[in-house]
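An overview of the molecular structure
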Amino acid sequence: MTFTNVFYGFTEIAILLLAGVLIRDIFKPIRKTFLPASVIGGVIGLILGPQFLNVIPIPDLFGQLAGPFGVIMMTSAVFGIELKLGKLKNSAKYTLMMFGTGGAQCVIGLALGELLRKWFDLPQGWGMLGVASFFGAHAIVPSVSTAYESVGAETAQAVMGLGMTISTIGMVVSFILGSILVNIAVRKGWTKYMQKPEQVPAYTLGGIMPEEKRESLGNTVTSEISINSVCMQFCWLLLAFGIGYGVIKIVLLKYFGISVLSNMPDLACGMIGAIILWPILKKIKLERYVDRRSSVQIANGCLDFMICGAVASIQLDIVADNLVAITVLCAVLTLFVTVYCLVVIRKTCREDWFEKAAILFGQNTGSTASGLTLLKMVDPEMESTALEDFGIFQSTLGPVTAILMAVFPAVIVSSGNITVPMIGGIIVFVPAMIVLVCSIIKKA
């Protein structure tokens, strides 16, 4: 594949993305599903591609973006983050509940996934998609898929297709069921900061952003004579990956012979490299050359291209063969998250409990964006403590969650069993259960 072919492939994805944006803008009912333009564009590509109408080609490039673009996304997720655990003090309870939800989804997904393998031809450990797809939506799926590349490209592609399908289902669940829960909460008086769901601004659903709500994409930190500022942020992300790759795949694997690292996905290398690089930059006073907002925008752009390409290249025969398994996994996880929000969060987080439950429900069935949207429905002016507590989780245990979701699949592939990730998920979940028990005892 030449670079010219890559350029043509990106051009096709760009057209599909623009088509997705226009469809969301023209057909307003579609906005209410909260599906992003990248998913809609990917579905258009899937319909127009060889598996349906065969009007346009779907290059192999579409299914190969997850690896390199996933590295950029996951590296950006932790690069420049200050892991100040001291912030946990005021919001420790909710932070641990958020963290514990991911652990529980990991355990439930893996256990149910192995059970379903008795009737379906699915890869070992595919149940990791229970947390990767439902907790991180489409963004985390590549971390699972990439780990299976050592098993075979066909297996990795199958995992990618399953993950993208489950993520899309999760996004729809997060907003449709989430909206239903919001309406119930309003009628029952569980919300403190709103009276009607219609108070949600129209621009939240999508379409053009009002001028007064538009924000800067980032700040320039260098002169154009020296280097383009966005280009420099991109270079930092690639340098972080290079450091992580060098430490893990060259120093520890090649020179120290730690063979267990042979299946470590590149995504984990990028995150570890970012954790190493950022303190070094601060030590030598070069952090002023970093603009985190710009690097996040780069990562978000990569995410849109990756999702569109991955959805357009989903192997429908694999999804169709395992549709029952996918449905069972999604139904069980949806039930768990719903009960967790309405029962566990209510008992442990009494202040603004439903506002916190709303953002947790959206995050743990869809994505951060869907969680924030549900919060906006019940707290239009962001007056509750939910956003602050969620932000503390994102800056403390959030990156830990992302790293675990990238590492666990590699552990499954290299070890041939799900024992270690299962134990890890349980360990993550235990603190949340301790908080719950303490809250019940205190109330009694």
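Note: the structure precedes this text.
The following refers to the structure shown. Keep in mind that this is a model prediction, so the values were computed, not measured.

**Observations regarding the overall build of the protein chain**
Secondary structure assignment for the protein chain yields 18 helices and zero strands. Based on the C-alpha atoms only, the size of the protein chain along its principal axes is roughly 65 × 60 × 50 Å. Of all 444 residues assigned to the protein chain, the portion counted as buried reaches 52%. Of the contacts formed within the protein chain by residues at least 6 apart in sequence, a portion of 77% connects residues at least 24 apart. Carbon and sulfur atoms make up 66% of the accessible area of the protein chain, which totals about 20,200 Å². Once the 31 positive and 27 negative side-chain charges of the protein chain are each reduced to a mean point, those two points are 10 Å apart.

**Focus: the pattern of salt bridges**
Throughout the structure, instances matching the rule amount to two salt bridges. Here Arg 117 makes a salt bridge to Glu 114, at a shortest N to O gap of 3.0 Å. The exposure class of Arg 117 is partly exposed, given its relative accessible area of 32%. Linking Lys 356 and Asp 389 is a salt bridge whose minimum nitrogen-to-oxygen distance equals 3.0 Å. Linking Lys 356 in helix 14 (residues 353-365) with Asp 389 in helix 16 (residues 386-395), this pair joins segments that are 33 residues apart in sequence.

**Brief notes about the environment of Leu 18**
Of note, Leu 18 is situated in helix 1 (residues 3-26). The exposed category is assigned to Leu 18, whose relative accessible area is 57%. In this structure, the C-alpha to C-alpha distance between Leu 18 and Ser 38, residues 20 residues apart in sequence, is 8.8 Å.

Rules of the game
- Per chain, the residues get numbers from 1 upward, laid out in the order the sequence is written.
- Totals for whole chains, interfaces and linings use every residue, but because this is a predicted model, local features are given only for residues with pLDDT of at least 70 and side-chain atom pairs only at 80 or more, for both listing and counting.
- Excluding hydrogens and water, the side-chain values take into account all heavy atoms of the structure.
- Labels follow the DSSP assignment, with helices taken as runs of H or I lasting at least four residues and strands as runs of E lasting at least two, numbered in each case from the N terminus.
- Relative accessible area decides the class of each residue, using a 1.4 Å probe on protein chains only: under 20% of the type maximum gives buried, over 50% gives exposed, and in between gives partly exposed.
- The contact criterion used throughout is that any non-hydrogen atoms of two residues lie within 4.5 Å.
- Residue-level accessible areas treat just the shown protein chains as cover; the underlying method is Shrake-Rupley with a 1.4 Å probe.
- When charges are tallied, Lys and Arg are placed among the positive residues and Asp and Glu among the negative ones, while His and the ends of the chain are skipped.
- By convention, the charge on Lys lies at NZ, on Arg at CZ, on Asp at CG and on Glu at CD.
- By salt bridge we mean one thing: a side-chain nitrogen of Lys or Arg within 4 Å of a carboxyl oxygen of Asp or Glu.

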